[in-house]
Amino acid sequence: MISLHEFHTRPAPEIPIDIIPFCENKDGHKFVDKKLLRQYEIEREGLTGAALVEWYDLKRSQCAAREEHAELCEEWNEDCNLRRTNKLNDLRSQRFEAIKAKLSELGWEAEIDHVENDNEYRKKKLSHHKLVKKPQSLTNRIWNNIKDDLIQFLTDHKAKRLEKLRGDVIRMRESVLDEVLVEFLDAYAVSQPLHAIFPPTVDLAILPLFRDIIEETPIEENVTKAHFQNAIRELPQTIELWRRAKDEMLLNLINDHPGTNEKATLATLQRATTLFRCRGRPISYPRILTHSCPGKILYDPVTSEKAMSILQECGLDPTMMSDALLMDSSLYFECLRCPTQRQERSRSIMKWPTVIEHVHDHHGPRAPYVIQRADLSSAERYLVEKLELIEKRRAFKENRYKSKLICRQCKSKLSWDRSFDHLKTHHPEILADDDTTWEYGNSSPERFMALGLDADASLCEPPVTFYPDLPFISIRRALQSEIPRRSDYQLDKQTQDLLASLPTDGSVNNLISPGFLSDPEFGL
């Protein structure tokens, strides 16, 4: 056999293609029989004129007859194959129906319907089982041989189906419980302090009083919010027990540490110098209660000693409580090692919870640091408060897709994007329904006082950096960091608006104009 391409490109083509019969393979390539081609060349040899034309006509008619006969053969073959396929399918169908009837007599009819009609099991149907889909009639001997295997197949399928059904039902019930817990905690939070710490819903959902309802209620029964009402009434006491259990666990971490000299108590936990760590990062109490990282929590005596040293050097009592440090709005700390040579006129100001993380993140375990109480004039304090608000706005937007915010009015947990609609709907005295300024980030810092960061984020706010003699630069840089897309005109305008509200007592006496921005030292 030679390919049709070789036939066309032979050195001296004498036999035209339309008189040569050819065959075609499954890939569509056509071939000519070499023997037949040689025979035609021999027959053609010596023919000329009318005899050659007559020979060509004869071969064309023979080729057409062969092709017509070949088409008839192909149709016959396809018809035979179709009849055989239909016969085999009829045998398979009869075998399946016979097996189905036998299994139905044994009580498996409902399970067979599940197997055959559930699209999830379309590749594992009973009709596709190797013992069922054979084109062979079912005899009593064959049935006795395959019966146990098919019953085991249906038994396994039923177990998997019920396990999946139970999982789906439990997940639906857990979503109902999650809604119930969120509604309860939102309502309960109203009577609690702003940053009261509650157990996460996942911790509450695994309590026996809820798991019994979720797992023990019959699968066919629809569980609604009403099923959880009796259990919800016990939650205030449960939350208190959760807090005690967490405190006890943390106290055990302290007391079990080899370097602990005296037994830790609840007062020990509440000290500003009692610190834990997870994955190398220091975490204070009660922030540790909000920590959801899967890492292992450990007591951190080294960092605790460092915290005590810092407070002593600042002239403060190292045993004072965290709440006392947090509630003292006049108490700021200052890192004297942070400003670089390029920024040696700047000051890095922070609240207590941030001090330890700042030292850990920016100075390392052995790097020198100097922390002291910040001596701020009233104007500098006012400037720092303004910068803190800008930093909070930036933190709000960094958490815009997370429920990291708290409404200070009703203590609902919110994401940044949900906060607009919440305030307009529930607190129109703060944000009017037709107010759109928040949506473009142009509202004043005071507007953000309507929201607070949640307990975890609020307990460690970033430090603020300002230039004592350059308040314009301080505010402008903070605004630029908050929204990098602001134009220079917007930055200058908003900076001047904030500066206009700053009091002066002689310490902030150089309200730099926008012309100062050309100073290459500040790169603005």
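Computed from a prediction, not measured in an experiment: that's the story for all the values here.

Calculation rules
- Residues numbered from 1 in each chain as written.
- Predicted model: local features only at pLDDT ≥ 70, side-chain atom pairs only at ≥ 80, totals over all residues.
- Heavy atoms only, no water.
- Core = buried A, V, L, I, M, F, W, Y, C linked by side-chain atoms within 4.5 Å.
- Buried < 20%, exposed > 50% of the residue type's maximum accessible area, 1.4 Å probe, protein only.
- Helix = DSSP H or I, 4+ residues; strand = E, 2+ residues; numbered from the N terminus.
- Contact = heavy atoms within 4.5 Å.
- Polar contact = N/O pair within 3.5 Å; in protein donor to acceptor, adjacent residues only side chain to side chain.
- Pairing = 2+ DSSP bridges.
- Axes fitted to C-alpha atoms, helices over the stretch in contact; angles between N-to-C directions.
- Phe/Tyr/Trp six-rings, centres within 6.5 Å; stacked < 30°, edge-to-face > 60°.
- Expected span 1.5 Å × (residues − 1).
- Parallel < 35°, antiparallel > 145°, perpendicular 65-115°, else oblique.
- Left-handed = near helix turned anticlockwise from the far one by under 90°.
- pLDDT = per-residue confidence, 0-100.

Q: Would you mind going over the nonpolar core with me for this structure?
A: For soluble globular proteins, nonpolar side chains are generally found buried alongside one another. Of all hydrophobic cores here, the largest spans 21 residues; its most connected members are L177, L181, F184, F210, F228, I232 and L235. With 9 residues, the single largest contributor to this core is helix α5 (residues 140–189). When near neighbours in sequence (up to four residues on either side) are disregarded, F210 contacts L177, L181, L204, A205, F228, A231, I232 and L235. Core analysis: the next-biggest nonpolar cluster, separate from the first, contains 20 residues, A374, L376, I473 and L498 among them.

Q: Is there a simple way to think about the environment of Y467 in this case?
A: Following the sequence through the fold, Y467 ends up in the loop between β13 (464–466) and α17 (471–482). Among the polar contacts made by the side chain of Y467, one reaches the side chain of R477 at a distance of 2.5 Å.

Q: Quick question: what am I supposed to make of the sheet that holds strand β6 (residues 297–299) here?
A: Hydrogen bonds between backbone groups are what pair the strands of a sheet, and the pairing can be parallel or antiparallel. Spatially, 3 strands are ordered β5-β4-β6 in an open sheet, and the strand pairing comes out antiparallel. Single-partner strands in this sheet number two, and they are β5 (281–284) and β6. Strand-to-strand, the axes of this sheet are offset by a mean angle of 40°, without reference to chain direction. Bridge count for strand β4 (residues 275–278) against β6 is 3 bridges, and the pairing is antiparallel. The residue of β6 that forms the bridge with C278 is I297. Against the sheet, helix α11 (residues 301–313) engages β4, β5 and β6, with an angle of about 140° to β4. Here helix α13 (residues 352–363) sits on the sheet and contacts β4 and β5; the angle it forms with β5, its principal contact strand, is near 180°.

Q: I keep staring at the packing of aromatic side chains and nothing clicks. Help me out?
A: The description of an aromatic ring pair uses the distance of the two centres, along with the angle that the planes make with each other. Applying the stated criterion across every chain, the model contains 7 aromatic pairs. Considering the side-chain rings of F184 and Y188, the 5.4 Å spacing of their centres and the 15° angle between planes classify their relative orientation as stacked. You can see F184 and its partner Y188 sitting in helix α5, 4 residues apart, about one turn around the helix. Of the two residues examined, F184 and Y188, each falls in the buried class.

Q: Help me understand α13, please; the structure alone is not making it clear to me.
A: Residues spaced three or four apart along an α-helix point in a common direction, a consequence of the helix completing one turn every 3.6 residues. Here α13 spans 16 Å end to end across 12 residues, near enough to the 16 Å set by a 1.5 Å rise per residue. Summarising burial for α13: 9 of the 12 residues are buried, a large majority. Every buried residue belonging to α13 is among W352, P353, T354, V355, I356, E357, H358, V359 and H363, and all of these are buried.

Q: Can you help me understand the side chain of S284 in this one?
A: Tracing the sequence through the fold places S284 in strand β5. Accessibility expressed as a relative area gives 18% for S284, which makes it buried. Contacts of S284, omitting those with residues within four sequence positions, involve T274 and L275.

Q: What's the story with the packing of helix α3 (residues 49–105) against α5 in this structure? I'm lost.
A: Each pair of packed helices can be summarised by the angle the axes make with each other and by the distance between the axes. Close contact between α3 and α5 brings their axes to 11 Å; oriented N to C, the two are set at 70°. The pairing of α3 with α5 is recorded here as roughly perpendicular in orientation. In the crossing of α3 with α5, the sense of the turn from one axis to the other is right-handed. Contacts between α3 and α5 involve R95, I99, K102 and L103 from the first element and N140, I142, W143, I146, L150, I151 and L154 from the second.

Q: Sorry, what's going on with the confidence of the model for the protein chain here?
A: In regions of low pLDDT, the predicted coordinates are not meant to be interpreted in detail. On average, the protein chain scores 80 in pLDDT, and the residues at 70 or more come to 82%. Within the protein chain, helix α1 (residues 4–8) has the poorest average pLDDT of any element, 54, and helix α7 (residues 208–216) the best, 93. A low-confidence stretch, residues 440–446 stays under pLDDT 50, and its non-local contacts, those more than four residues away or across chains, total 14 contacts. Note that residues 505–524 has pLDDT below 50 and, in this model, 45 contacts with residues that lie over four places away or in other chains.

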